[in-house]
Amino acid sequence: MSIPPSISTILKAGPIHFGPFLVTTQVFHLTPHTYALVNLKPILPGHVLISPRRVVPRVTDLTPTETSDLFLTVRRVARMIERVYGASSLNIAIQDGADAGQSVPHVHAHVIPRKRGDLDHRGGMDAVYEMLDGEEGDLRDAFREEGEGERRRFPRVDNEERKPRDMKEMEEEAWMLAREMEREPVD
């Protein structure tokens, strides 16, 4: 299997971080200010993240150029995800800050493909919000208070129902989605 041209470009771009985590090989789309990556613990198949290349914790920290590029990328990736995963709708969500359930201190938009009845077993279509804002996203008790002498740290993502995927699985999905992005019209 040959490397998609877009993956070669991503790998040549240098290390890409999602907060403190190196995610270069999980990235499937790259713009001058934004990248899209597959999710370690997707809520539903096709759940991806779009984030600015510059590591900033909040939407208000983005420059106007970064803001525009982020949302144009969300729109383009969302179109592709809906097509590839045969979705009839999408959840597009940003948890902006720890008290909103943000689990990594780096702005990111969730794009989650949806189909009728896909979360009926979890209580219905709105179960996605509880899943996004579950224990793994609650950072209020996880941060140390300033001045305690300990380094502030991020909690481990921990939810028994959402198992982390291995690197090989994430990289294979990233390659597949990179090929699909090459087919997606540029706005």
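Only a predicted model underlies this, so the values are computations on that prediction, with no experimental measurement involved.

Visitor: Residue-level account of the UniProt feature "binding site: substrate" (unreviewed entry) in the protein, with values.
Guide: Per the UniProt record, "binding site: substrate" (unreviewed entry) is annotated on Asn39, Gln95, Gly101, Gln102, Ser103, Val104 and His110. Counting through the fold element by element, Asn39 comes out in the loop between strand S4 (34-38) and strand S5 (48-52). For Asn39, a relative accessible area of 8% gives the class buried. Once you skip the residues sitting within four places of it in the chain, Asn39 turns out to touch His47, Leu49, His110, Arg165 and Met170. For Gln102, the location among the structural elements is in the loop between strand S6 (89-94) and strand S7 (109-114). Classification of Gln102 as buried rests on a relative accessible area of 4%. From its side chain, Gln102 meets the backbone nitrogen of Gly97 in a polar contact 3.0 Å long.

Visitor: How would you summarise the nonpolar core if you had to cite specific residues and measurements?
Guide: One finds Phe28, Tyr35, Val48, Ile50, Val77, Ile81 and Leu177 to be the most contacted residues of the largest nonpolar core, which totals 33 residues. Elements with a minimum of two residues in this core: helix H1 (5-12), strand S3 (27-30), S4, S5, helix H2 (64-84), S7 and helix H4 (167-183). The element contributing the most residues to this core is H2, with six residues. Sequence-distant contacts of Val77, that is, excluding residues within four places in its chain, are made with Phe28, His29, Ala36, Val48, Ile50 and Met181. In terms of nonpolar packing, the next biggest core, distinct from the first, is built from nine residues, Leu44, Ile112, Val128 and Met131 among them.

Basis of the calculations
Residues numbered from 1 in each chain as written. Predicted model: local features only at pLDDT ≥ 70, side-chain atom pairs only at ≥ 80, totals over all residues. Heavy atoms only, no water. UniProt positions renumbered as here; feature names shortened; annotations may be inferred. Helix = DSSP H or I, 4+ residues; strand = E, 2+ residues; numbered from the N terminus. Buried < 20%, exposed > 50% of the residue type's maximum accessible area, 1.4 Å probe, protein only. Contact = heavy atoms within 4.5 Å. Polar contact = N/O pair within 3.5 Å; in protein donor to acceptor, adjacent residues only side chain to side chain. Core = buried A, V, L, I, M, F, W, Y, C linked by side-chain atoms within 4.5 Å.

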